Structures are given as structure tokens and as C-alpha cells.
Amino acid sequence: MNELDRGLSPARRTLLTVLAATFVYASVRYNVFGGVPWSQLPLYVSNKAISWTAVTLLALAYLSRDRQLASECGVLGLLLVIAHIFITPSIQSPAYYEKLYAGQHLTLAIEASLLAGVIAVIVLVFPGVASIPGVHASIGEERWLRWLRAGYWALALTALHCALQGWSGWFTPAKWPGYMPPITLIATLTALAPIVAKLRR
């Protein structure tokens, strides 16, 4: 293990690994096979990797049995969600997302998707606050657990947010760039994984 690895927590190593994987996937799918100009790599393509990584970390926070790792993954995932929120408005236009618009206005499905995303972020505040050191003791076990479990609702809303964004392209694999599944499909399944795991317990 090199010096960099020794200086990173497991959650941060997970963040770097997942972010690198999602960035490469997004770049290959969109820049290499999808015909997206490389000039759109810094924001348009990177935003896809950032949002996908955020969903993955939030899912891992509820799949991991290591409480420390789960807490750190959740916090890192929330930070990436915030980054996604800041990046998206700068590229939210028909020039970047033609399929999301009907003329100059967003389609009904996309408006619903954005609403689900906004509510998901609001709900994520509760497990985010619950992860702050000292909060557990100050609010008590019952409320602390309730705040943490709110994350499952946030994941369900995140799945809805992703599905509404791209479900129409899920069933036409012949049109997938490089035959690579849409990121919205993968992210939706990722967000649902902890919910399914909880229901099966």
C-alpha cells in the first residue's frame, strides 16, 4: 500500500474508485460512442459521473454493515449531490438536453423528475444531520434511527428522479451508444438496491 492509500479512509478510497469508474464509463459512452464533443467533458459528462457516484455512495451507506464506513459514504454522497445541484443549472438548456424539452419548456416528466430530486435532497438532510458527531446522543436513539431511515425515502425519490429522466431510452438497447446501458438505468437500480435488501430482511 502506498503513502496515498495509507492516508485515505476506506470511504475516501471508495469515493475515488467509484468516481474514476463512473467517469471512465460516462466518457466512453458519451464522448467515444455517443458523439458528444470532448469540450463538454468538464461539466456535461463529469456531471453524470458525479451524480452517479453520489447515488452509489448513498446506496453503499445503507448496504454497508460497517457503521463508520456507512456514515462517511453517506456524507461524501451528500457532498456530491450538492456538487450536482451546483453544476446542473449551468448546463440545463435545450442545447445540452434537447430530449428533456418540449419547445422552450421542460416536459412534464422532467419537471416531475426535478421535483422528486428536490424532495430527495431535503429528505437527505435528516440522515446527513444524524451523521454529525454528537447528534446521536443529543436527540436520542429512537429519533436518530428515524432520521437515518429517512434515507430510504430519499433513495426511492432518487430512483424516481433518475427513472423519469431516462426511462424512455431503457428499452432500445440497439440505440445505446456502444451498447452501454444508460446511466439513468444503472443509477435507478443502484438506488433501489438498499430498499430491496431491507425489504428482504
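Let us look at the structure shown here. Bear in mind the structure is a predicted one, so any value in this text is a computation, not a measurement.

This part covers the packing of helix 7 (residues 141-166) against helix 8 (residues 183-200). Any two packed helices are characterised by how steeply their axes cross, that is the angle between the axes, and by the distance between the axes. Viewed as axis vectors pointing N to C, helix 7 and helix 8 meet at an angle of 155 degrees, and their least axial separation amounts to 8 Å. By the angle between their axes, helix 7 is roughly antiparallel relative to helix 8. Handedness of the crossing formed by helix 7 with helix 8: left-handed. For the pair helix 7 and helix 8, the contacting residues are Tyr152, Leu155, Ala156, Thr158, Ala159, Cys162, Ala163, Gln165 and Gly166 in the first and Thr184, Ala187, Thr188, Ala191, Leu192, Pro194, Ile195 and Lys198 in the second.

Attention now moves to the pattern of salt bridges. The full count for this structure, using the stated rule, is one salt bridge. With its nearest N and O atoms 3.8 Å apart, the salt bridge here joins Glu142 to Arg146. With Glu142 and Arg146 both in helix 7, this residue pair falls four residues apart, about one helical turn. Accessibility expressed as a relative area gives 62% for Glu142, which makes it exposed.

Evaluated as defined, the whole model comprises seven aromatic pairs. Their ring planes at 80 degrees and their centres at 5.2 Å tell us that Tyr25 and Trp52 sit as a pair that is edge-to-face. Of this pair, Tyr25 sits in helix 2 (residues 10-33) while Trp52 sits in helix 3 (residues 41-63), placing them 27 residues apart in sequence. In this pair, the class of Tyr25 matches that of Trp52, namely buried. A centroid spacing of 5.4 Å and a plane angle of 55 degrees characterise the contact between Tyr44 and Tyr97, whose relative ring orientation is tilted.

To continue, consider the nonpolar core. Within the largest apolar cluster, 44 residues are counted, with the highest numbers of intra-cluster contacts made by Tyr44 and Val45. Taken together, the elements giving at least two residues each to this core come down to helix 2, helix 3, helix 4 (67-91), helix 5 (108-130), helix 7 and helix 8. The leading source of residues in this core is helix 3, at eleven residues. In this structure, Val45 is in contact with Ala26, Ser27, Tyr30, Asn31, Val36 and Gln40, ignoring residues within four places of it in sequence.

A cluster of nonpolar side chains, contributed by Val75, Leu79, Ile82 and Phe86, occupies part of the molecular surface with about 390 Å² of accessible area. Residue position: Ile82 is located in helix 4.

Another point: the side chain of Thr22. Tracing the chain through its elements places Thr22 in helix 2. Excluding anything up to four places from it in sequence, Thr22 contacts Ala49, Trp52 and Thr53.

In this section: a positive patch on the surface. On the surface, Arg65, Arg149, Lys198 and Arg201 cluster together to form a positively charged patch. Position of Arg149 relative to the elements: it lies in helix 7. Look at Arg149 and you get partly exposed, because its relative accessible area is 47%.

On to helix 4. The terminal C-alpha atoms of helix 4 lie 36 Å apart, and with 25 residues this matches the ideal 36 Å at 1.5 Å per residue to within 8%. Within the sequence span of helix 4, burial applies to Ala70, Cys73, Gly74, Leu76, Gly77, Leu78, Leu80, Val81, Ile87, Thr88 and Ile91. Turning to helix 4, the residues buried within the fold contact helix 2, helix 3 and helix 5. By the N-cap criterion, in which a side-chain oxygen at the helix start approaches the backbone nitrogen of a residue two or three places on, helix 4 is capped by Asp66, the distance to Gln68 being 3.0 Å.

What follows deals with the packing of helix 4 against helix 5. Look at helix 4 against helix 5: their axes get within 11 Å of each other, and the N-to-C directions meet at 155 degrees. Classified by the angle their axes make, helix 4 and helix 5 are roughly antiparallel. The interaxial crossing formed by helix 4 with helix 5 has left-handed handedness. For the pair helix 4 and helix 5, the contacting residues are Leu78, Val81 and Ile85 in the first and Val121, Leu124 and Gly128 in the second. When the residues that make up the contact of helix 4 with helix 5 are grouped by side-chain class, the tally is five nonpolar, one polar and no charged.

What counts and what doesn't
Residues numbered from 1 in each chain as written. Predicted model: local features only at pLDDT ≥ 70, side-chain atom pairs only at ≥ 80, totals over all residues. Heavy atoms only, no water. Axes fitted to C-alpha atoms, helices over the stretch in contact; angles between N-to-C directions. Helix = DSSP H or I, 4+ residues; strand = E, 2+ residues; numbered from the N terminus. Parallel < 35°, antiparallel > 145°, perpendicular 65-115°, else oblique. Left-handed = near helix turned anticlockwise from the far one by under 90°. Contact = heavy atoms within 4.5 Å. Salt bridge = Lys/Arg side-chain N within 4 Å of Asp/Glu carboxyl O. Buried < 20%, exposed > 50% of the residue type's maximum accessible area, 1.4 Å probe, protein only. Phe/Tyr/Trp six-rings, centres within 6.5 Å; stacked < 30°, edge-to-face > 60°. Core = buried A, V, L, I, M, F, W, Y, C linked by side-chain atoms within 4.5 Å. Patch = residues over 30% accessible without salt bridge, like charges linked within 9 Å, V, L, I, M, F, W, Y side chains within 5 Å. Areas by Shrake-Rupley, 256 points an atom, 1.4 Å probe, with all protein chains shown as cover. Lys, Arg positive; Asp, Glu negative; His and termini not counted. Charge placed at Lys NZ, Arg CZ, Asp CG, Glu CD. Expected span 1.5 Å × (residues − 1). Polar contact = N/O pair within 3.5 Å; in protein donor to acceptor, adjacent residues only side chain to side chain. Nonpolar A, V, L, I, M, F, W, Y, C, P; charged D, E, K, R; others polar.

Limitation: the analysis is restricted to geometry and does not speak to function.
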